[in-house]
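Given next are the chains, with one letter for each unit.
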Amino acid sequence: MNSVMKRVKAILAAALAAVAIAVASPVGAQTVTVQAANLPTPLRGIDVSSYQGNIDWNAVKASGIDYAMVRIGNTQYGLDNKFAQNVMGATAAGIRVGCYVYTYAKNANEAAQDAHLALAAMQQFPVTFPVALDLEDPSQEKLSPQTLADITNTFCSIIYEGGYTPMIYSYKNWMVQKMPPATWDHWVAHYADATDYPYPHAMWQYSAKGKVAGIAGSVDMNFLYKDYFTKIVQEGFVKDGDLTYYYHNWKRVNGMRYVNGVRYYFDENGAMLKDRTMTDGDGNTVRVCKDGHVVMITVEMRQYAKAQEQALVAAQAAYQQAVAYAPQAAKAAQDAAALIPALQQQAQNDTNVMNTAFAAASADPTNVDLITTLATAQQAAANSNNQLAAAQAKAAQLQQAAVNAQNDVPAKAAAIAAQQQALAAAQAAIVIPD
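Residues numbered from 1 in each chain as written. Predicted model: local features only at pLDDT ≥ 70, side-chain atom pairs only at ≥ 80, totals over all residues. Heavy atoms only, no water.

Draft legend 1. The environment of His190, seen in detail. Turning to its location among the elements, His190 is positioned in the loop between strand E8 (185-189) and strand E9 (203-210). For His190, a relative accessible area of 17% translates into the label buried. Note: C-alpha distance between His190 and Tyr206 (16 residues apart in sequence) is 5.5 Å. Ignoring sequence-local partners within four residues, the contact set of His190 consists of Lys172, Thr195, Asp196, Trp204, Gln205 and Tyr206. Side chain to side chain, His190 and Thr195 meet in a polar contact 2.9 Å long. (Helix = DSSP H or I, 4+ residues; strand = E, 2+ residues; numbered from the N terminus. Buried < 20%, exposed > 50% of the residue type's maximum accessible area, 1.4 Å probe, protein only. Contact = heavy atoms within 4.5 Å. Polar contact = N/O pair within 3.5 Å; in protein donor to acceptor, adjacent residues only side chain to side chain.)

Quick look at the structure:
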């Protein structure tokens, strides 16, 4: 994990620890999921265990069953010996699979053990529907409402933290007479033509004597009222009221998550954090935008933007210098070029004198005066030609400098434009978005 991501997580963690969040309690977060009914027509499903033996899941699917709750087992007796077979068989047949734990827990600690057993058992399987706590054993009948609440909330909270959707199961009288109010989804057993269970419930087990193709003997039958088909997805965002969740491999995620290259942060309950700005002691800022995507603005990013401002000022100054220097270079080149004709004439004159002296000395080679005159003329010609060559080289140099200076003006202008773009990008990166 890179340093920026570590900072983002650290800032978010610190802020969440210091700020009360509306959905901070897993139990409280469930209130948005307790609906009396949100399917236009209740859907039939089954719940099974090893008691049903080997099941022909393709036949079950063909009979119109779209979901099944499969028994996991418990810490008292271990895993149901048909658990893996049932989960994989139902999944392969295209049936959505939830699970349940028939618990013998007498306290929260034992409930936690059952919950962890469930998480371990489900880890390698595609559990695509809720995970229920079956709380109905006669050994638990004398437990206090508070103890029952502790068992329920402990189990369901652990299941929820594992990314699954928890629910509680029991028969109607137990739910009404023994269970304290609970906001986890309810699955109530009441064997009747219609249930008068007085509280919202997501599922109703209406018979223990159902007959379904592919299953020898009887099987429990259920009606589903809540649309878990769209609330639990293999991959993607799920909106539930004002909250947004993200599912990966059928499980709700939390913490930092990249989705299509965009960062999002999901709190401990899986709810996407939105519309929040947090700053740490070093001046680094994390902005959780209104749509939930996370933007990190570091001190280094602000320093970089400041450096781009300074670079633009320098580029503008360099441009002004280039603009001012170009005519000066052109004038210097012109002045140097203007000297060339006179020097060329002088060199030509001196060369002519030298040629005349050479002719005279050649005609009278013993004449000391003519030889001296020739030597003087040769030196003068050499000097004037050297001066001409030097002046021509200087003129060429200044001409090239003038051309370079002229070309430097648009180059410096282009540098300003590029720097303006760099500055705009750097400044845009430190703007706190909505």
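More follows now that the structure is in view.
Draft legend 2. Region of interest: the layout of surface pockets. The volume enclosed by the largest pocket comes to roughly 430 Å³. Lining the largest pocket we find 21 residues, and of these Ser49, Tyr51, Arg71, Tyr100 and Tyr102 sit closest to its centre. Counting only elements with at least two residues in the lining of the largest pocket, the list comes to strand E1 (43-48), strand E3 (73-74), strand E4 (78-79) and strand E5 (96-102). Across the lining of the largest pocket, the residue classes break down as nine nonpolar, six polar and six charged. (1 Å grid on protein atoms, 1.4 Å probe; cavity = no way out; pocket = protein on both sides within 12 Å on 5 of 7 lines; lining within 4 Å. Points joined across faces, edges and corners; volume = space filled by probe spheres on them. Nonpolar A, V, L, I, M, F, W, Y, C, P; charged D, E, K, R; others polar.)

Draft legend 3. Spotlight on the sheet that holds strand E13 (residues 251-252). Read across the open sheet, the three strands follow the order E11-E12-E13; overall the sheet is antiparallel. Edge positions in the open sheet fall to strand E11 (235-240) and E13, since each of these has one partner strand only. Relative to strand E12 (residues 243-248), E11 runs antiparallel, the two sharing six bridges. Residue Lys239 lies in a different strand from E12, and its bridge partner there is Thr244. (Pairing = 2+ DSSP bridges.)

Draft legend 4. Broad picture of the packing of helix H5 (residues 108-122) against helix H6 (residues 145-161). At their nearest, the axes of H5 and H6 sit 8 Å apart, and the two run at 25° to each other. Considering their axes alone, H5 and H6 lie roughly parallel with respect to each other. For the element pair H5 and H6, the recorded crossing hand is right-handed. On the side of H5, the interface is formed by Ala108, Ala111, Ala112, Asp114, Ala115, His116, Ala118, Leu119 and Met122, while H6 contributes Asp150, Ile151, Thr154, Phe155, Ile158 and Ile159. (Axes fitted to C-alpha atoms, helices over the stretch in contact; angles between N-to-C directions. Parallel < 35°, antiparallel > 145°, perpendicular 65-115°, else oblique. Left-handed = near helix turned anticlockwise from the far one by under 90°.)

Draft legend 5. Structural view of the nonpolar core. Counting residues in each nonpolar core, the largest one holds 73 residues, and the members touching the most others are Ile46, Trp57, Val60, Met122 and Ile159. Residues within four places of Trp57 in sequence aside, it is in contact with Ile46, Val48, Ala68, Gln85, Asn86, Gly89, Ala90, Ala93 and Ile95. Of all hydrophobic cores here, the second largest spans 14 residues; its members include Ala326, Ala336, Ile340 and Leu398. (Core = buried A, V, L, I, M, F, W, Y, C linked by side-chain atoms within 4.5 Å.)

Draft legend 6. Expanded view of the packing of helix H9 (residues 299-363) against helix H10 (residues 368-429). Where H9 contacts H10, the axes come no closer than 4 Å and their chain directions differ by 165°. Viewed along their axes, H9 and H10 adopt a mutual orientation that is roughly antiparallel. Judged by the sense of rotation from one axis to the other, the crossing of H9 with H10 is left-handed. Tallied by class, residues from the contact of H9 with H10 come to 46 nonpolar, 16 polar and four charged.

Draft legend 7. Expanded view of empty space enclosed by the protein. Here the structure, examined in full by the defined rule, presents four cavities of 30 Å³ or more. Reported here for the second largest cavity is a volume of approximately 40 Å³. Together, Tyr160, Glu161, Gly163, Arg252, Val253, Asn254, Glu268, Asn269 and Gly270 line the second largest cavity. Its residues assigned to classes, the lining of the second largest cavity comprises two nonpolar, four polar and three charged.

Draft legend 8. Representation of the pattern of salt bridges. One pass over the structure, following the stated rule, counts nine salt bridges. For the salt bridge of Asp335 with Lys331, the shortest nitrogen-to-oxygen distance reads 2.8 Å. Note that Asp335 and Lys331 are positioned in helix H9 at a spacing of four residues, about one turn of the helix. Of the charged contacts in the structure, one is a salt bridge between Lys412 and Asp408, with a shortest N-O distance of 2.9 Å. Of the two residues, Lys412 and Asp408 both sit in helix H10, four residues apart, roughly one turn of that helix. Given a relative accessible area of 23%, Lys412 falls into the partly exposed group. (Salt bridge = Lys/Arg side-chain N within 4 Å of Asp/Glu carboxyl O.)

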